[in-house]
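# Geometric and topological summary
Here's the letter readout for the chains.
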Amino acid sequence: MSRLKIAVIGAGDMGGNHVKGWISAGHQVVSITDTDSDRAVKLAYAYNIPALYSDYKEAIDDPQVDIVSICLPLVFHAPVTVYAAGRGKHVFCEKPLASSIEAAEAMQQAVERAGVQFGIGFQRNYAKGVGLVEQWASEGRFGRPLVFSSDLMQEVRPKVAMHDANGNQGPVMDACCHYFLMWQTVFRSKPKKVFASGGILAKGRPEIAHFEQLAIDTAVITVEYESGDIGTMNVSWGLPKKSQIRGRKDRIYGPKGGAEGAFNSFGRAAVQFELYEGDKTETVTVEQPELFQQEFEAFVEAIREGKPAPVGFRQGLDMLRLSHAVLESVRTGTIVYL
Ligand SMILES: NC(=O)c1ccc[n+]([C@@H]2O[C@H](COP(=O)([O-])OP(=O)(O)OC[C@H]3O[C@@H](n4cnc5c(N)ncnc54)[C@H](O)[C@@H]3O)[C@@H](O)[C@H]2O)c1
């Protein structure tokens, strides 16, 4: 098994990242599928990809395809994974895992029945900053317990489907999962209980008025871990157009020190963090690898060695359960235990 053949399904933002990442990882993208033919053509042309489809089933049925790389809106993650696994193809699917726990379980059953590999796209957890903070925390440089505070502030998403409660389900599902996985990785622990308050800041906005039900777009979240560490997050996708309010840097701190920076950011060649130990401050600069390439290399290594995918159902389900617990806490006004 040398160069694997990849069918990329979805030619939007993530479709472009996957094509580039698979090629950088040394594999061959053999087809692009999108119901929007202009998008598919543009992406295929940019990377000289030979085949185009509008129906994902046709792309997956191509006998040469080894891996199906899913870059579709959330509601399609389950049906496309189930179909691909049923055809004996390995699946790499963008986050979040699925629209519901039932859909996720159907995906897992199909993958296990077929004996194929399943990976999920949390490339941001491969960022150098996450590894560094995990190392600093495990070396005891900050002491224990730790508080990890993250922040994500954005205007109403230009991709308005992100605000559909029956579609991408808003930022708690779509965006917070990257931060939840980072906290879980750094704490090396599982969430125990959650309390969150939230609402819909963008309720009156005309561009999202057509949705039957709007997703929660703003939340203040506190998660307590079994280790005693705490993750906190302020998230909003409800700010006005072109708002200059930006999310603050991540900050982690404990009794002996802490660190600040955009730990799980991607798309930058070099990243800088502030490290605080006692009364000392140090600026640490690291080179950032190409994250999609890294996650695809790790996935293919798992296929080759017949070991579980490094990031798969376990992490996908953990993040889904935590996102659901946050939304339940917002809805009920109660602490939710996991
Ligand atoms: N890992 C990350 O950092 C990250 C960042 C952004 C988005 N995502 C995830 O990636 C997934 C895709 O997001 P995106 O930003 O690329 O969306 P997008 O809207 O840019 O692209 C989705 C594409 O899918 C196509 N499509 C929709 N239904 C289809 C169908 N049935 N068959 C074929 N094509 C279809 C659309 O025409 C569109 O071109 C989502 O799950 C999102 O949460 C991940």
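Bear in mind the structure is a predicted one, so any value in this text is a computation, not a measurement.

## Describing the overall build of the protein chain
Broken down by element type, the protein chain carries ten helices and 15 strands. Rg of the C-alpha trace for the protein chain: 20 Å, near the compact-globule value of 20 Å for 338 residues, within the 12% margin. For the protein chain, the spread of C-alpha atoms along the principal axes amounts to about 60 × 45 × 40 Å. A fraction of 68% describes how many contacts in the protein chain between residues 6 or more apart in sequence connect residues 24 or more apart. About 15200 Å² of surface is accessible on the protein chain, with carbon and sulfur atoms providing 50% of the total. Positive and negative side-chain charges of the protein chain, numbering 36 and 39 respectively, have mean locations separated by a distance of 2 Å.

## Brief notes about the sheet that holds strand β15 (residues 336-337)
Strands sit in the order β14-β13-β12-β11-β7-β10-β9-β8-β15 across an open sheet of nine strands; the sheet is mixed. Edge positions in the open sheet fall to β14 (280-287) and β15, since each of these has one partner strand only. Of the pairings in the sheet, the one linking strand β7 (residues 147-155) to strand β10 (residues 230-239) comprises eight bridges and is parallel in character. When the sheet's bridge partners are listed, Glu155 is paired in β10 with Leu239. Sheet strands in contact with helix α10 (residues 313-332) are β8 (191-199), β9 (218-225) and β15, and its direction is about 50 degrees off that of β8.

## Examining the sheet that holds strand β2 (residues 28-33)
Spatially, the six strands line up as an open sheet ordered β3-β2-β1-β4-β5-β6, and their pairing is parallel. The open sheet has two edge strands, β3 (51-53) and β6 (118-121), and neither has a second partner. Across the sheet, the axes of successive neighbouring strands diverge by a mean angle of 20 degrees, strand direction being ignored. Pairing analysis gives three bridges linking β2 to β3, with the strands arranged parallel. Of the residues in β3, the one forming a bridge with Ser31 is Ala51.

## Focus: the packing of aromatic side chains
A full pass over the atoms with the stated rule returns 13 aromatic pairs. Between the aromatic rings of Phe92 and Phe299, the centroid separation amounts to 5.3 Å while the plane-to-plane angle is 75 degrees, which identifies the pairing as edge-to-face. Placement of Phe92 in strand β5 (residues 90-94) and of Phe299 in helix α9 (residues 291-305) is noted, with a sequence separation of 207 residues between them. Seen from their ring centres, Trp136 and Phe142 are 6.4 Å apart, and the 75 degrees between their planes marks the pair as edge-to-face. Residues Trp136 and Phe142 agree in their burial class; the two are buried. Three or more aromatic residues link up through ring pairs in this structure, and these residues are Phe148, Phe187, Tyr225, Phe263 and Phe273. In this structure, Arg157 is placed above the aromatic ring of Trp237, and the distance from its NZ or CZ to the ring centre is 6.0 Å.

## Quick word on the packing of helix α5 (residues 101-114) against α10
At a minimum axis distance of 11 Å, the contact between α5 and α10 shows a crossing angle of 170 degrees. In terms of orientation, α5 and α10 fall into the roughly antiparallel class. Residues Ile101, Ala104, Met107, Gln108 and Val111 of α5 lie in contact with α10, whose contacting residues are Phe313, Leu317, Leu320, Arg321 and His324. A breakdown of the residues in the contact of α5 with α10 according to their chemical character gives seven nonpolar, two polar and one charged.

## Looking at the side chain of Asp164
Tracing the backbone through its elements, the reader meets Asp164 in the loop between β7 and α7 (170-174). Despite its burial, Asp164 pairs with no opposite charge; the closest candidate is Arg331, at 14 Å N-O. Every residue in contact with Asp164, bar those within four places of it in the chain, is listed here: Gln169, Phe211, Gln213 and Ala215.

## Points about the domain arrangement of the protein chain
Considered domain by domain, the protein chain is made up of domain 1 (5-116) and domain 2 (124-291 + 320-337). The straight-line distance from the C-alpha centre of domain 1 to that of domain 2 is 27 Å. Domain 1 puts 13 residues into the contact, and the matching count from domain 2 is 13 residues. For the pair domain 1 and domain 2, the summed buried area comes to about 1000 Å², and 58% of that belongs to carbon and sulfur atoms. Considering only the side of domain 1, the residues that lose the most area to domain 2 are Leu74, Lys95 and Ile101, jointly responsible for 42% of the buried surface there.

Conventions and cut-offs
- Residues numbered from 1 in each chain as written.
- Predicted model: local features only at pLDDT ≥ 70, side-chain atom pairs only at ≥ 80, totals over all residues.
- Heavy atoms only, no water.
- Helix = DSSP H or I, 4+ residues; strand = E, 2+ residues; numbered from the N terminus.
- Rg over C-alpha atoms; globule rule 2.2 N^0.38 Å.
- Contact = heavy atoms within 4.5 Å.
- Areas by Shrake-Rupley, 256 points an atom, 1.4 Å probe, with all protein chains shown as cover.
- Lys, Arg positive; Asp, Glu negative; His and termini not counted.
- Charge placed at Lys NZ, Arg CZ, Asp CG, Glu CD.
- Pairing = 2+ DSSP bridges.
- Axes fitted to C-alpha atoms, helices over the stretch in contact; angles between N-to-C directions.
- Phe/Tyr/Trp six-rings, centres within 6.5 Å; stacked < 30°, edge-to-face > 60°.
- Buried < 20%, exposed > 50% of the residue type's maximum accessible area, 1.4 Å probe, protein only.
- Lys NZ or Arg CZ within 6 Å of the ring centre and 35° of its normal.
- Parallel < 35°, antiparallel > 145°, perpendicular 65-115°, else oblique.
- Nonpolar A, V, L, I, M, F, W, Y, C, P; charged D, E, K, R; others polar.
- Salt bridge = Lys/Arg side-chain N within 4 Å of Asp/Glu carboxyl O.
- Domains from an automatic or database assignment.
- Buried area = accessible area lost by both parts, 1.4 Å probe.

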